[in-house]
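# Structural features, examined
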Amino acid sequence: MSASQIPPATAVPGDDVPTLLVKIFGKDRPGITAGLFDTLAAYSVDVVDIEQVVTRGRIVLCVLVTAPAPARDAIGSSEGALRATVHSWADSLHLQAEIISGRGDNRPRGSGRSHVTVLGHPLTAESAAAIAAAITSTGGNIDRIFRLAKYPVTAVEFAVSGVATDSLRSRLAPEAAELGVDVAVVAAGLQRRAQRLVVMDVDSTLIQDEVIELFAAHAGCEAEVAEVTAAAMRGELDFEQSLHARVALLAGLDASVVETVRKEVRLTPGARTLVRTLKRLGYQVGVVSGGFTQVTDALREELGLDFAAANTLEIVDGKLTGRVTGDIVDRAGKARLLRSFAEQAGVPLDQTVAIGDGANDLDMLNAAGLGVAFNAKPVVREAAHTAVNVPFLDTVLYLLGITREEVEAADTHIG
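The present account deals with the structure reproduced in this document. (Residues numbered from 1 in each chain as written. Predicted model: local features only at pLDDT ≥ 70, side-chain atom pairs only at ≥ 80, totals over all residues. Heavy atoms only, no water.)

When helices and strands are tallied, the protein chain shows 16 helices and 15 strands. In terms of overall size, the protein chain is more extended than a compact globule, its C-alpha atoms giving a radius of gyration of 28 Å where 415 residues would be expected to give roughly 22 Å. In terms of principal-axis extent, the alpha carbons of the protein chain reach across some 100 × 50 × 40 Å. The buried share of the protein chain, taken over its 415 residues, is 45%. (Helix = DSSP H or I, 4+ residues; strand = E, 2+ residues; numbered from the N terminus. Rg over C-alpha atoms; globule rule 2.2 N^0.38 Å. Buried < 20%, exposed > 50% of the residue type's maximum accessible area, 1.4 Å probe, protein only.)

Right, let's get into the nonpolar core. Judged by nonpolar contacts, the single largest core of 60 residues is most densely connected at Met 200, Leu 206, Phe 215, Phe 292 and Ile 355. Of the residues forming this core, the biggest block, 5 residues, is contributed by helix H6 (residues 211–219). With near-sequence residues (within four places) excluded, Ile 355 lies in contact with Val 198, Val 199, Met 200, Asp 201, Thr 205, Leu 274, Met 364, Leu 365, Val 372, Phe 374, Leu 393 and Val 396. Leu 197, Val 199, Leu 337 and Leu 362 belong to the second largest nonpolar core, which has 23 residues in total. (Core = buried A, V, L, I, M, F, W, Y, C linked by side-chain atoms within 4.5 Å. Contact = heavy atoms within 4.5 Å.)

Quick look at the environment of Glu 98 now. Mapped onto the elements of the fold, Glu 98 is located in strand S4 (residues 96–103). Distance in space between the C-alpha atoms of Glu 98 and Val 22 is 6.0 Å, their sequence separation being 76 residues. When neighbours within four sequence positions are excluded, Glu 98 is seen to be in contact with Leu 21, Val 22, Lys 23, Phe 25 and His 87.

Through backbone hydrogen bonds, the strands of a sheet pair up, either in parallel or in antiparallel fashion. One open sheet holds the 7 strands; their spatial order is S12-S11-S10-S9-S13-S14-S15, and the pairing between them is mixed. If you trace the sheet from one side to the other, it starts and ends with strand S12 (319–325) and strand S15 (386–388), each paired once. Averaged over all neighbouring strand pairs, the angle between strand axes comes to 25 degrees, with direction disregarded. Where strand S10 (residues 284–292) and strand S11 (residues 307–316) come together, 4 bridges link them in parallel fashion. Paired with Phe 292 across the strands is Asn 311, a residue of S11. (Pairing = 2+ DSSP bridges. Axes fitted to C-alpha atoms, helices over the stretch in contact; angles between N-to-C directions.)

A few words on the pattern of salt bridges. If you walk through the whole model with that rule in mind, you get 16 salt bridges. Glu 51 serves as the salt-bridge partner of Arg 144, at 3.1 Å between the closest nitrogen and oxygen. Highlighted residues: Arg 144 in strand S6 (residues 141–149) and Glu 51 in strand S2 (residues 47–55), separated in sequence by 93 residues. For Glu 51, a relative accessible area of 35% gives the class partly exposed. We note a salt bridge from Lys 377 to Asp 357, for which the minimum N-O separation is 3.7 Å. Linking Lys 377 in the loop between strand S14 (370–374) and helix H14 (378–383) with Asp 357 in the loop between strand S13 (352–356) and helix H13 (362–367), this pair joins segments that are 20 residues apart in sequence. (Salt bridge = Lys/Arg side-chain N within 4 Å of Asp/Glu carboxyl O.)

This part takes up helix H10 (residues 271–280). Within H10 the residues assigned to the buried category are Ala 271, Thr 273, Leu 274, Val 275, Thr 277 and Leu 278. Gly 282 lies just past H10 and shows a positive phi near 90 degrees.

Within this structure, the stated rule accounts for 2 aromatic pairs. With centroids separated by 5.9 Å and ring planes inclined at 85 degrees, the aromatic side chains of Phe 215 and Phe 292 adopt a geometry described as edge-to-face. Within this pair, whereas Phe 215 is found in helix H6, its partner Phe 292 is found in strand S10, the two being separated by 77 residues in sequence. Owing to a relative accessible area of 2%, Phe 292 belongs among the buried residues under this scheme. Arranged with centres 4.7 Å apart and planes meeting at 15 degrees, the rings of Phe 307 and Phe 341 form a pair that is stacked. Highlighted residues: Phe 307 in strand S11 and Phe 341 in helix H12 (residues 331–345), separated in sequence by 34 residues. Owing to a relative accessible area of 5%, Phe 341 belongs among the buried residues under this scheme. Lying across the ring of Tyr 151, Arg 404 places its NZ or CZ 5.7 Å from the centre. (Phe/Tyr/Trp six-rings, centres within 6.5 Å; stacked < 30°, edge-to-face > 60°. Lys NZ or Arg CZ within 6 Å of the ring centre and 35° of its normal.)

Given below as structure tokens:
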């Protein structure tokens, strides 16, 4: 077909064009959708919009169509005939039908559009009601709700319009904290699907452990390391000072302890699923750590990570010297490395995701397009874009709009 033969696109109906909303309810079974459209086809109507939901075997099917042209004979109207035919078809399948006359298409959505992801373990009706009310209080409208996952947490997504993303996030954050649920608010649009670099902290994020404490256990200085860590948390030492003080306690340890510690490291539940799924989607994945390359390099190889950076324990003559070599990966260093990874990956900074739990992750979380505080300290939760407070790292996938069914389908297809 030549360009001149291509028919012009049908215009979206204006507010003055008569339309019919056809709603079908009942027990789901194969063929309902096809059967309804076969029924409507006899009246030469145009399809304007479709929405179908199946919940626990019950279907709700809504179709918005242009009203049929008036009948040319004297026996009733075409709209009346359509109504009678649809009701007769629905009755034959023990379904309910409702047909509502109106004009035009759906009301245009507001200019501000966001995705609000709610994670509950469990998600109570009280929590859902409070979140919905909070959205409404901002002037936002809930256009659609659907479930992303039913385990290990319940995750649902609200499509919201009519309010700026930042305003919505500010309103929902304290509500979520009070309810004990996790709420992530991200702007709608292509950018959400284009986030192609994820960078994580390691200790207490990608893994369950604090690596320096594993080393300290073998050196018999756990209490001393814990004391220095506490001083750093109280603000008496900065990260670099505390790192040097703790590493100094490891002096004299045999280098063979490195392999022992690698074997002791425990991945956070969901870590493998998160990385595997992101890689299948074409994301690049990296880690930055205030820990040690002796562990992060092994994690990079094991998980197939694209980037990894950490401090390096100095080893001389088969012994740990109690010093680190090279530039220190601290709070500012993590943000600097995020930018470096993004540049190497060819990904704009606003299309990156950073995940971490500690105060030394804050610069990185704030620099990323989406900063996720994972089981973090209160100060980190308050400063990050969003927080996840369940012990499953793969729940971050839901914040990106990826469903549990899609993850499982990919595993089945590959495996």
